[in-house]
Amino acid sequence: AVVSTQSTGTVDKHPLVVASRFNIPYLLGVKNLGNHVSGEVYDVTDPQLQVLDSLEGYPDFYNRIELPVSINSQVISCYTYVLDRFKDSLLQCDMLKVYSNDESSKYVRPCDRPDKSTSHRDDVMDYSK
C-alpha cells in the first residue's frame with residue numbers, strides 16, 4: 001500500500017541521477033550532496049521486500065539502507081536502495097529533486113533491452129570500491 005505520495009522527501013540531501021545506456025535513475029550512496037529527493041513511500045511485507053531486493057539486485061548491485069524521510073512534517077525511517085560503488089563520473093550528472101515523467105519517458109524497460117541485458121551495471125559501477 002502507498003503510505004504517502006505527497007510532501008514526501010529525504011531529510012538529508014542525496015544525489016539522484018539518470019545514467020547508463022538505458023536512462024535508469026540511481027540514488028547514489030552519498031549524503032549531503034545533491035537535493036532533498038521527493039518520492040513515494042510504500043508499506044510492504046517481508047515477502048514483498050524480498051521480491052524488491054531481487055528486483056533491485058540487492059546486495060550485489062544496490063545497497064538497501066534506512067533513510068529518514070519527512071512525510072507531512074513527520075520524520076520516519078524508510079528503506080531505499082542506493083548505489084554505493086558508482087563511477088565518480090556520475091557525480092557530474094544533473095542531480096534531480098524528483099524522477100519526473102520527463103525523465104521516465106526516456107527509460108528503457110528491462111523487457112525492451114537487448115537480451116534482457118544487465119550491461120548497464122558496467123556503465124555505472126566502479127567494481128574497485
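Summarised in this report is the structure supplied together with it. (Residues numbered from 1 in each chain as written. Predicted model: local features only at pLDDT ≥ 70, side-chain atom pairs only at ≥ 80, totals over all residues. Heavy atoms only, no water.)

**Some words on the sheet that holds strand E2 (residues 8-10)**
Here is step 1 of the chain: Taken in spatial order, the three strands line up as E2-E6-E7 in an open sheet, and their pairing is antiparallel. Sheet topology places E2 and strand E7 (74-82) at the edges, where each strand pairs with a single neighbour. Ignoring strand direction, the axes of neighbouring strands in this sheet form an average angle of 40°.
Here is step 2 of the chain: Across the face of the sheet, helix H1 (residues 46-56) comes into contact with strand E6 (63-71) and E7 while running at roughly 45° to E7. (Pairing = 2+ DSSP bridges. Helix = DSSP H or I, 4+ residues; strand = E, 2+ residues; numbered from the N terminus. Axes fitted to C-alpha atoms, helices over the stretch in contact; angles between N-to-C directions. Contact = heavy atoms within 4.5 Å.)

**Side note on unusual backbone geometry**
Here is step 1 of the chain: Of note, the amide linkage connecting Tyr-58 to Pro-59 takes the cis form, showing an omega dihedral of 10°.
Here is step 2 of the chain: Relative to the helices and strands, Pro-59 is located in the loop between H1 and E6.
Here is step 3 of the chain: In the Ramachandran plot, Ser-20 falls in the positive-phi region, its phi being about 80° despite a non-glycine side chain.
Here is step 4 of the chain: As for its position among the elements, Ser-20 is in the loop between strand E3 (16-19) and strand E4 (24-27).
Here is step 5 of the chain: Backbone geometry places Asn-32, a non-glycine residue, at a positive phi of 65°.
Here is step 6 of the chain: You can see Asn-32 is positioned in the loop between E4 and strand E5 (41-42).

**Some words on the nonpolar core**
Here is step 1 of the chain: Grouped together as the largest cluster of nonpolar side chains are 15 residues, with contacts concentrated most on Tyr-26, Leu-28, Phe-61, Tyr-62, Leu-83, Leu-90 and Val-124.
Here is step 2 of the chain: Sequence-distant contacts of Phe-61, defined by excluding residues within four places in its chain, comprise Tyr-26, Glu-56, Leu-83, His-120, Arg-121, Val-124 and Met-125.
Here is step 3 of the chain: Counting residues in hydrophobic clusters, the runner-up holds six residues, among them Leu-16, Leu-27, Val-37 and Val-82. (Core = buried A, V, L, I, M, F, W, Y, C linked by side-chain atoms within 4.5 Å. Buried < 20%, exposed > 50% of the residue type's maximum accessible area, 1.4 Å probe, protein only.)

**A short note on the side chain of Ser-20**
Here is step 1 of the chain: What makes Ser-20 buried here is its relative accessible area of 17%.
Here is step 2 of the chain: With residues up to four places along the chain from it excluded, the contact list for Ser-20 reads Tyr-26, His-120, Asp-123 and Val-124.

**Here we look at the environment of Asp-88**
Here is step 1 of the chain: Counting through the fold element by element, Asp-88 comes out in the loop between E7 and helix H2 (101-104).
Here is step 2 of the chain: As for Asp-88 and Asp-126, which are separated by 38 residues in sequence, their C-alpha atoms are 8.1 Å apart.
Here is step 3 of the chain: Separated by 3.0 Å, the side chains of Asp-88 and Lys-129 make a polar contact. (Polar contact = N/O pair within 3.5 Å; in protein donor to acceptor, adjacent residues only side chain to side chain.)

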